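Results of the structural survey
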Amino acid sequence: MPNIKNMALQGLYRLGVPAILRRLSAPENSMTVLAYHAVTDDPAYALPGIRVTPRLFAQQIAHLVQHYTVVDLADALEQHAQGRPLPPRAVAITFDDGYLDNYTDAFGVLKAHRACATIFATVDPVLDGGRFWVSWLYEVLLSERPAPALIDEVFGVRPEAGTEAAFNAISGVLNYCPSAEREVLLDRFAERLDPGATPPRMLNVAQMREMQAGGIRFGSHTLSHPILANIDHEERQLELRRSRARLIEALDRDVPLIAYPNGRAIPRNFDASVMADCRAAGYRAAVTSRRGPVTSGADAFAIPRMGVSQMGGIARFAVTLERFRAAARRSGKNGAGA
């Protein structure tokens, strides 16, 4: 974020603008769904855009509990679908991927504030203990600094300098691969680079069960984190149905929700056929990486969210929440859904 914008947000926050805006009501059937990923001080395995420090996370959750109504996402979406009013200033907390830090660094904060949340787990690495290719790739690139020639040899791209540029270039290839082909490329890269073992980064079943007992729900983030709109129908069915079945078996709970993998940088990470397949696979709703509040008329299989990162600190967080509520007010006046 440019410094001038950061300074402007800090100024608005210090002037109490979010507090003033909180006094304004939003449509009673609206809410904001937050999208977290990693909660950690360790920059090794998560890009800055999907990382929040534990200290900032604690500030954010305290802010939510003090000024908003934290709701369970599945329950709130059911109320929303039935047209029943949600609590004032309703906010739902979600996490994507299923990082171990959701247990070690976020769960205690949520428990201390009695705040519920939903974690969308990438099922195969979480339940099987294998590598989650997204975090593994970033961690290896950051620690090993591979030569551009090696990246080009394995993945067929020659990125600009820097870890993030390399990650974006390689993931731009891997996001569009069938899962089997993606694993072959990653194995080839690991053989050539020989980075050694990386630390565990994902949740396990025992931790998930403990979190579940403490008020955390789990949803699917597919088996292997593909772009669902860009894989064939058979593989998509496997990703949707098998991930849900495995979570139900592991946690002995229904899994009504799914989060579509990959963010706003992907032009089309879901479409009407993906939404229909999710419904047919037994899900009752799906959340996206599209930005916006949930308002009347929102499609249950295209729920927008507000992405959260450490950039901009508590000021950006507080101001953005009120920007989303302002969008809900505008939507209510126009009589249109999000």
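Quick note: structure is the one above.
1. Thoughts on the overall build of the chain
Along its length, the chain carries 14 helices and ten strands. In summary, the chain has a C-alpha radius of gyration of 20 Å against a globular reference of 20 Å for 338 residues, a match within 12%. In the chain, buried positions account for 54% of the 338 residues. Nonlocal contacts in the chain, meaning residues at least 24 apart in sequence, comprise 74% of its contacts between residues at least 6 apart. Of the roughly 14,800 Å² of accessible surface on the chain, 51% is carried by carbon and sulfur atoms. Averaged over its 38 positive side-chain charges, the chain has a centre that lies 11 Å from the centre of its 35 negative ones.

2. Quick notes on unusual backbone geometry
Not every positive phi belongs to a glycine, and D97 is a case in point at roughly 95 degrees. Turning to its location among the elements, D97 is positioned in strand β5 (residues 90–97). With a phi angle near 55 degrees, R114 is a residue other than glycine that sits in the positive phi range. Note that R114 resides in the loop between α5 (101–112) and β6 (117–121).

3. Considering the nonpolar core
Side chains of a nonpolar character, in soluble globular proteins, are inclined to be buried together. Core analysis: the biggest nonpolar cluster contains 83 residues, and L34, Y36, F57, I93, F95 and F189 have the highest contact counts within it. Broken down by element, this core gets its largest block of residues, seven residues, from helix α7 (residues 133–144). Setting aside residues up to four positions removed in sequence, F57 forms contacts with Y36, V39, V52, F95, A106, V109 and L110. Of all hydrophobic cores here, the second largest spans 18 residues; its members include A74, L86, F120 and V287.

4. Notes on the pairing of strand β10 (residues 303–307)
Within β10, four of the five residues are buried, which leaves the element mostly enclosed by the surrounding structure. Pairing between strand β9 (residues 285–291) and β10: two bridges, direction parallel. Its bridge partner being in β10, R291 is matched across the sheet by R305.

5. Observations regarding a positive patch on the surface
A contiguous patch of positive charge on the surface is contributed by K5, R291, R323 and R330. Inspection of the secondary structure puts R323 in helix α14 (residues 313–334).

6. Thoughts on α7
Across its twelve residues, α7 extends 16 Å between first and last C-alpha, which sits within 8% of the 16 Å expected from 1.5 Å per residue. Within α7 the residues assigned to the buried category are W133, V134, S135, W136, L137, Y138, E139, V140 and L141. At its buried positions, α7 is contacted by α8 (148–155), α9 (163–174) and α10 (179–193). Looking one or two residues past α7, R145 carries a phi angle of roughly 45 degrees, positive in sign.

7. Concerning the environment of D42
Looking at the secondary structure, you find D42 in the loop between β2 (38–39) and β3 (51–52). Residue D42 is classed as partly exposed on the basis of its relative accessible area of 27%. Separated by 59 residues in the primary sequence, D42 and D101 have C-alpha atoms spaced 9.8 Å apart. Those residues in contact with D42 that sit more than four places away from it in its chain are R51 and R201.

8. Regarding the pattern of salt bridges
Counted under the stated rule, the structure contains 15 salt bridges. For D42, the salt bridge goes to R201, with nearest N and O atoms at 3.5 Å. Of the two residues, D42 is situated in the loop between β2 and β3 and R201 in the loop between α10 and α11 (205–213); the sequence distance between them amounts to 159 residues. Residue R201 is classed as buried on the basis of its relative accessible area of 15%. Here R246 and D128 are joined by a salt bridge, their closest N and O atoms 2.8 Å apart. On the criterion of sequence distance, the pair formed by R246 in helix α12 (residues 233–251) and D128 in helix α6 (residues 123–128) is long-range, its members being 118 residues apart. Taking relative accessible area as the criterion, R246 reaches 16% and is therefore assigned buried. The class of D128 is exposed, set by a relative accessible area of 53%. Through salt bridges with shared partners, a single ionic network connects D42, E139 and R201.

What counts, and where the lines are drawn
- Residues numbered from 1 in each chain as written.
- Predicted model: local features only at pLDDT ≥ 70, side-chain atom pairs only at ≥ 80, totals over all residues.
- Heavy atoms only, no water.
- Helix = DSSP H or I, 4+ residues; strand = E, 2+ residues; numbered from the N terminus.
- Rg over C-alpha atoms; globule rule 2.2 N^0.38 Å.
- Buried < 20%, exposed > 50% of the residue type's maximum accessible area, 1.4 Å probe, protein only.
- Contact = heavy atoms within 4.5 Å.
- Areas by Shrake-Rupley, 256 points an atom, 1.4 Å probe, with all protein chains shown as cover.
- Lys, Arg positive; Asp, Glu negative; His and termini not counted.
- Charge placed at Lys NZ, Arg CZ, Asp CG, Glu CD.
- Core = buried A, V, L, I, M, F, W, Y, C linked by side-chain atoms within 4.5 Å.
- Pairing = 2+ DSSP bridges.
- Patch = residues over 30% accessible without salt bridge, like charges linked within 9 Å, V, L, I, M, F, W, Y side chains within 5 Å.
- Salt bridge = Lys/Arg side-chain N within 4 Å of Asp/Glu carboxyl O.
- Expected span 1.5 Å × (residues − 1).

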